[in-house]
Amino acid sequence: RLRVALAVLLSIAVIITNLALPYLIRLAIDNFISAPQLGAAQRLAGLGNLTAVFIILVISGFAANFFQVTILELSGQNIMHQLRQKLFRHLLSLDLTFFNNNPAGKLVTRLTNDIQNMHEMFTSVAITIFNDVLQLIGILGILYCMNWRLAGLMTLLLPLVLLHSAVFSRMARDCFRRIRTQLAVINSFLQETLSGMALIQHFLQEGPIEEKFRRQNHLYRQQTMTQIRIFGIFLPLLELINHIAIAMIIWFGGREVLAGRITIGEMAAFLSYMRLFFKPM
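The following paragraphs examine the structure supplied in this document. (Residues numbered from 1 in each chain as written. Predicted model: local features only at pLDDT ≥ 70, side-chain atom pairs only at ≥ 80, totals over all residues. Heavy atoms only, no water.)

The next thing to look at is the overall build of the protein. Secondary structure summary: the protein contains nine helices and zero strands in total. Reading the secondary structure of the protein in the N-to-C direction produces α-α-α-α-α-α-α-α-α. In terms of overall size, the protein is more extended than a compact globule, its C-alpha atoms giving a radius of gyration of 27 Å where 281 residues would be expected to give roughly 19 Å. Taken along its principal axes, the extent of the C-alpha atoms in the protein is 95 × 40 × 30 Å. Expressed as a percentage of contacts within the protein between residues at least 6 apart in sequence, the contacts between residues at least 24 apart total 81%. With an accessible surface of roughly 17,400 Å², the protein has 69% of that area assigned to carbon and sulfur atoms. One finds the centroid of the 24 positive side-chain charges in the protein at a distance of 5 Å from the centroid of its 14 negative side-chain charges. (Helix = DSSP H or I, 4+ residues; strand = E, 2+ residues; numbered from the N terminus. Rg over C-alpha atoms; globule rule 2.2 N^0.38 Å. Contact = heavy atoms within 4.5 Å. Areas by Shrake-Rupley, 256 points an atom, 1.4 Å probe, with all protein chains shown as cover. Lys, Arg positive; Asp, Glu negative; His and termini not counted. Charge placed at Lys NZ, Arg CZ, Asp CG, Glu CD.)

Quick look at the structure:
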């Protein structure tokens, strides 16, 4: 629990550094690059200070991310180790009827691949969801504080992005489940076939067994190709929405800059924040 709490604190530090970088770019453009009232020496000195702060934030974010990943991996490996030990100890205490009803290959998949997936959930998925949600909320808050009209225009794309994410996640989740199930079937079939090879050859069943494995393997390939098609459709579609958002910022933000309602630095910061906004999606 202490490690997970520390990882959460480090994730907050990573988010703060990520959100601060576009703001520094805005300050550099508005306060120094496009500030004719300042002399060349003052501009260079101001840019030098902001550059130093920028580098410090980048290094700090890298260090926080490094220690966060290390702590989560250590926690996840410990959890996975204890879980495998307990499950294996539990298997040794079961009756023989349980092993007659459950193929050994299926049990091996449960003790290896499935626990590995749980490890990924502990170390990647949970903390990533926390980071992404917090970062999205922070970006929306910053955008509305900078310019509510431009932020409101970007908010119009939110329902489309959420609908896209909901449909994609549902289809991808169902596809992943079918892939895991079929992989367990293949592992079970391989274990039974290899352990009973003498019996298969004795009764000349090589041909039917090979055909059965070919069907199972073909089904697994079909499920995997379905997953690839889902990613091939939805990820470029999200990229298209991202570019539409950037085009809207350039079009509407450019008009706001020409009208004097926002600065060039604010528009540049908007573009940077929108890239950060779509990255977790």
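Let us look at the nonpolar core. Among the nonpolar cores identified, the biggest contains 29 residues, and Ile249, Tyr273, Met274 and Phe278 are the most heavily contacted of them. Breaking this core down by element, the ones donating at least two residues are helix H1 (2-33), helix H4 (104-146), helix H5 (148-155), helix H6 (158-195), helix H8 (206-259) and helix H9 (264-278). Per element, the largest residue contribution to this core is nine residues, and it comes from H9. Filtering out sequence-adjacent residues up to four positions away, Ile249 remains in contact with Leu150, Met154, Gly254, Met267, Phe270, Leu271 and Met274. If you look at the next biggest cluster of nonpolar residues, it comprises six residues, including Ala172, Cys175, Ile179 and Phe234. (Core = buried A, V, L, I, M, F, W, Y, C linked by side-chain atoms within 4.5 Å. Buried < 20%, exposed > 50% of the residue type's maximum accessible area, 1.4 Å probe, protein only.)

In this section: the environment of Pro22. Positionally, Pro22 belongs in helix H1. A relative accessible area of 4% means that Pro22 is categorised as buried. In sequence terms Pro22 and Glu266 are 244 residues apart; their C-alpha atoms lie 9.2 Å from each other. Those residues in contact with Pro22, other than ones at most four positions away along the chain, are Ala269, Ser272, Tyr273 and Leu276.

H4 packs onto H1 with a crossing angle of 30° between their chain directions and a minimal axis gap of 10 Å. Comparing the axis directions of H1 and H4 gives the class roughly parallel. In terms of crossing hand, the pair formed by H1 and H4 is right-handed. Contacts between H1 and H4 involve Ala7, Val8, Ser11, Ile12, Ile15, Asn18, Leu19 and Arg26 from the former and Ile127, Phe130, Asn131, Leu134, Gln135, Gly138, Ile139, Ile142 and Met146 from the latter. When its residues are assigned to classes, the contact of H1 with H4 shows eleven nonpolar, five polar and one charged. (Axes fitted to C-alpha atoms, helices over the stretch in contact; angles between N-to-C directions. Parallel < 35°, antiparallel > 145°, perpendicular 65-115°, else oblique. Left-handed = near helix turned anticlockwise from the far one by under 90°. Nonpolar A, V, L, I, M, F, W, Y, C, P; charged D, E, K, R; others polar.)

This part covers the pattern of salt bridges. Under the defined criterion, the tally for this structure stands at eight salt bridges. A salt bridge links Glu256 to Arg149, with the shortest nitrogen-to-oxygen separation between them at 3.2 Å. On the criterion of sequence distance, the pair formed by Glu256 in helix H8 and Arg149 in helix H5 is long-range, its members being 107 residues apart. The exposure class of Arg149 is partly exposed, given its relative accessible area of 32%. (Salt bridge = Lys/Arg side-chain N within 4 Å of Asp/Glu carboxyl O.)

Here we come to the environment of Ala28. Position of Ala28 among the secondary structure elements: in helix H1. In sequence terms Ala28 and Thr224 are 196 residues apart; their C-alpha atoms lie 48 Å from each other. If we ignore the near neighbours within four places in the chain, the residues touching Ala28 are Ile33, Leu47 and Leu50.

This is a description of form; function is not addressed.
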